[in-house]
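Here are the chains, one letter per residue:
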Amino acid sequence: MSYHYRLDGGSLAISSPHTDQDIGTYQCLATNPLGTILSRKAKLQFAYIEDFETKTRSTVSVREGQGVVLLCGPPPHFGDLSYAWTFNDNPLYVQEDNRRFVSQETGNLYIAKVEPSDVGNYTCFITNKEAQKSVQGPPTPLVQRTDGVMGEYEPKIEVRFPETIQAAKGSSVKLECFALGNPVPDISWRRLDGSPLPGKVKNSKSQAILEIPNFQQEDEGFYECIAGNLRGRNLAKGQLIFYALPEWEQKIQNTYLSIYDSLLWECKARGKPNPWYTWLKNGERLSPEERIQIENGTLIITMLNLSDSGVYQCAAENKYQIIYANAELRVLASAPDFSKNPIKKNSVVQVGGDIAIECKPIAFPRAAISWKRRAESLKQSKRVSLLEDGSLKIYNVTRSDAGSYTCIATNQFGVARNTGSLVVKERTIITLPPSKMDVTVGESIVLPCQVSHDPSIEVVFVWSFNGDVIDLKKGVAHFERIGGESVGDLMIRNIQLNHSGKYLCTVKTTLESLSAAADIIVRGPPGPPDDVRVEHISSTTSQLSWRPGSDNNSPIQIFTVQARTPFSVGWQAVSTVPEILNGKTYNATVVGLSPWVEYEFRVVAGNSIGIGEPSKPSELLRTKASVPVVAPTNINGGGGSRSELVITWESIPEELQNGEEFGYIIMLRPVGSTTWIKERVPSVESSRFVYRNESIIPLSPFEVKVGVYNKEGEGSLSTVSIVYSGEDEPQLAPRGTSVQSFSASEMEVSWNAIAWNRNTGRVLGYEVLYWTDDSKESMIGKTRVSGNVTTKNITGLKANTVYFASVRAYNTAGTGPSSPPVNVTTKKSPPSQPPANIAWKLTNSKLCLNWEHVKTMENESEVLGYKILYRQNRQSKTHILETNNTSAELLVPFEEDYLIEIRTVSDGGDGSSSEEIRIPKMSSLSSRGFPVSEPRVHFLSVIMIFYCLLFSHLNNE
């Protein structure tokens, strides 16, 4: 070491290196007290490139059409170079194509066929990446000769790859091939053994470079470049030879052996060519001796001694590289020692079990082992065995085997002892194992698992279902562990079909594991049947087939077929042949279907447990059409105009029409006639038909039947019904019409009934018209009464207004002439002011009331009297007392609060009510009166109370 060489940790630093002095091969040696190791070799070289000579280059003269090579001539250098050319003063490099090529091997520029545009100065640029330097050569002039044009000639290969190329595994191989010629030659590549080029190959734009990336053994062989044009072709070939650097297949490992043992180390490496091996110890080459055998990658050393300890290296080398595998050999010599591997302090075993007590002291060479129990040496017997590794094995342990055991280890360097205890425990026994059970879905069961065990041993219960552990700590649905320390029962709540299977209770202790299993069968209603198919369908029947679903551990006893149509309310059970479908029946004929209706079918299975889930619906199919069989009902009619017969019926629902082009047939004839008249109504939704004929006598009876038909034919007819033809409007007006007013909003119209006959028109009732003569309001009302009623009370009228009224008769054909109008003036409006200043006095069960007389306005009716409305607080029934005075006396039991209001009575009706007065029950009052409408007692109210008391006294007298 000096200022020039310096160690930085394990790195070698070279200050101001000299290119001629410091180049060469270096290796590192690492040393510690256990030995020395040698590193792989490292080769140091210095990359550089000198400048071009500055002398002018000669002019190159060529004919048009001739090929030319412009030489680069790199200056002295070391390291990989890359080449480029520029043309004239253009800063861009010459672009390669099938006519121009720059070789990265020679650096030369090749022009296969010169054109006039190629004339000019060409400059070569070289870059050394490792030296981080680029140099530029002097320009080379290219001029065109004037003595003619070069004729066509066959290709001449100027750039060819070597005949033999060594290619490393995983490297990228590039082969160059370029030819001069006129016309410009085409370049192609092939393998001489006939196999195709590897799919991974890459070609340059001009095809002059063939690149094989990640070169492997299968890529080696002969490659050929073909240059061709119209005048001929030329070939260049070479061989790629694969080589691989050594790689380890098996390395040596650190080894610790006892003195006098033997060492066997083997190392293996692959490579091409095959590597050879050398062995080093502490950086020095190892040679065969009396105890040392070396054969290729195998090293054997017999009768090891302490001097053999050290660091060894196996070196694998071929002509391309050397690699090292390193390992330490440590030769050991020591007396037996239990400090790092003592005998187990307490070995625990159950009665009747087997136990091995290990004795493995550290000793070099290996120690001889013997055992003592207390002071007595142990020997081999039927129950006691000394194993090869020094362990003591005791079979069928009894309580008397408990106690301390001592292992004695001996070699030439000394003796060591170590003692441990054997603890004997009672065996664990499953006293109540789970048993086979047969249960119904939805029930809750308990699977027992109870044990007897040594009190000092902790017991853990683990349940599994069909091989999977049930994690009870996570609160798995349905499963729950119940019981105490020795009880591990499993409760299954609301058991389901998927809970059928094998349940295993495993009892674990630190010493053993034992288990008991039981099969649980869960029975439930059958699963849904599968593959419900409609085999055949007619107008009223359908043949079905299906496959049974799972019986869920209970045999299927019955099947039921259900159907659904667009007209049904959900799924309905249908009749089948056979009528009862037992559990072995998988097909049936459904009967009683409606023609021309879309049906879906499904099947439900049942067993002794219950009815299962239904199958998936069958395909939606329509029954075939047939003649309709259901006739219309509720045949009726009547009314209409003169010369008309109106017939009505209830229309047939779609599900009973049985086919397309559905309609109705009308059969009619006058009562007493023998000839039927037949009409067709093609509308599906019709429920009314009008027959017109001028010869029809008004209100004459007809016999009527209504039938049905569709595309398949005519169906049933209804029974005969009597329907009357249309009639004329009434011809007579009512007489004796009169009207009178009962209040401001009410009047009554009366008239005499009309004595009618067929000629004057039937009378079904009367229509009352009423109106005012106020043209602004044009107020018109209309109301009807039926039968022989001859009065009509009309309400909701305006007060003090003249109303006109007229009456006319009506029937199904319309209304007749009106009676002469009559008129009446409604009463004035009732008083708008309610009674005021109401005072009351309650004594025992007698209530005296007084109020002010209500004065009316000019447009209001005079007050004729008053109404007192009273009711108990909790009842809705209201009682009314009428009086012409402004006072009143009520005799009622005041056990509850009373609500009282007072209103006026007049010709125009009842007036406005006073505010509601609450009279409290007797128990909450002293004998005193309370004014209601104002906070203080008016003078007038006091007088009224006095008058009421006086009037009451006189009555008592």
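Source: prediction; values computed, not measured.

1. Some thoughts on the overall build of the protein chain
Summing up its helical and strand segments, the protein chain has one helix and 88 strands in all. Relative to the compact-globule value of 30 Å for 957 residues, the protein chain shows a C-alpha radius of gyration of 63 Å, a clear excess of over 25%. Buried residues in the protein chain amount to 41% of all 957 residues. Once local pairs closer than 6 in sequence are excluded, the contacts in the protein chain between residues at least 24 apart make up 64%. Surface exposure of the protein chain reaches about 52,300 Å², of which carbon and sulfur atoms provide 49%. Between the centroid of the 97 positive side chains of the protein chain and the centroid of its 104 negative side chains there is a distance of 5 Å.

2. Topic: the packing of aromatic side chains
Within this structure, the stated rule accounts for 19 aromatic pairs. Relative to Phe-178, the ring of Phe-101 has its centre 5.3 Å away and its plane inclined at 20 degrees; by these criteria the two rings are stacked. Linking Phe-101 in strand 12 (residues 100-102) with Phe-178 in strand 20 (residues 178-182), this pair joins segments that are 77 residues apart in sequence. On the accessibility criterion, Phe-101 (0% relative accessible area) is buried. Accessibility expressed as a relative area gives 2% for Phe-178, which makes it buried. Among the aromatic side chains, those forming a connected cluster through ring pairs are Phe-101, Tyr-110 and Phe-178. Taking NZ or CZ as reference, Arg-680 lies 4.2 Å from the ring centre of Tyr-709, over its face. Sitting over the ring of Tyr-810, Arg-784 keeps its end group 3.9 Å from the ring centre.

3. Looking at the state of the cysteines
What the rule picks out here adds up to five disulfides. Between the sulfur atoms of Cys-177 and its disulfide partner Cys-225 the distance amounts to 1.8 Å. Between Cys-177 and Cys-225, the disulfide has an S-S torsion of -75 degrees and is therefore left-handed. Of the two residues, Cys-177 sits in the loop between strand 19 (173-176) and strand 20 while Cys-225 sits in strand 24 (residues 221-229), which places them 48 residues apart along the sequence.

4. Notes on the sheet that holds strand 39 (residues 368-373)
The strand order across the open sheet formed by five strands is 36-44-43-39-40, and the pairing between neighbours is mixed. Among the strands making up the open sheet, the edge pair consists of strand 36 (346-350) and strand 40 (376-377).

5. Here we look at the UniProt feature "domain: Fibronectin type-III" (unreviewed entry) in the protein chain
In the UniProt entry, the feature "domain: Fibronectin type-III" (unreviewed entry) is given for residues 528-626, 631-728, 733-829 and 830-924. Spanning residues 528-626, this segment combines 0% helix with 47% strand, and its end C-alpha atoms are found 34 Å apart. End C-alpha to end C-alpha, residues 631-728 measures 32 Å, and it is 0% helix and 50% strand.

6. Thoughts on the nonpolar core
Trp-248, Trp-265, Trp-279, Leu-299 and Leu-329 are the most contacted members of the largest nonpolar core, which has 23 residues in total. Elements with a minimum of two residues in this core: strand 27 (263-266), strand 29 (276-281), strand 32 (298-301), strand 33 (310-318) and strand 34 (321-332). Looking at this core, the element that brings in the most residues is strand 34, giving five residues. Apart from the residues within four sequence positions on either side, Leu-299 is in contact with Leu-263, Leu-264, Trp-265, Trp-279, Leu-286, Ile-292, Gln-293, Ile-294 and Tyr-312.

7. A short note on the sheet that holds strand 22 (residues 202-203)
Read from one edge of the open sheet, three strands run 19-23-22, paired in antiparallel fashion. Only two strands of the sheet have a single partner each, and these edge strands are strand 19 and strand 22. Strand direction decides the pairing type here: strand 22 and strand 23 (residues 209-212), joined by two bridges, are antiparallel. Residue pairing in the sheet places Lys-202 in a bridge with Glu-211 of strand 23.

Basis of the calculations
- Residues numbered from 1 in each chain as written.
- Predicted model: local features only at pLDDT ≥ 70, side-chain atom pairs only at ≥ 80, totals over all residues.
- Heavy atoms only, no water.
- Helix = DSSP H or I, 4+ residues; strand = E, 2+ residues; numbered from the N terminus.
- Rg over C-alpha atoms; globule rule 2.2 N^0.38 Å.
- Buried < 20%, exposed > 50% of the residue type's maximum accessible area, 1.4 Å probe, protein only.
- Contact = heavy atoms within 4.5 Å.
- Areas by Shrake-Rupley, 256 points an atom, 1.4 Å probe, with all protein chains shown as cover.
- Lys, Arg positive; Asp, Glu negative; His and termini not counted.
- Charge placed at Lys NZ, Arg CZ, Asp CG, Glu CD.
- Phe/Tyr/Trp six-rings, centres within 6.5 Å; stacked < 30°, edge-to-face > 60°.
- Lys NZ or Arg CZ within 6 Å of the ring centre and 35° of its normal.
- Disulfide = S-S within 2.5 Å.
- Pairing = 2+ DSSP bridges.
- UniProt positions renumbered as here; feature names shortened; annotations may be inferred.
- Core = buried A, V, L, I, M, F, W, Y, C linked by side-chain atoms within 4.5 Å.

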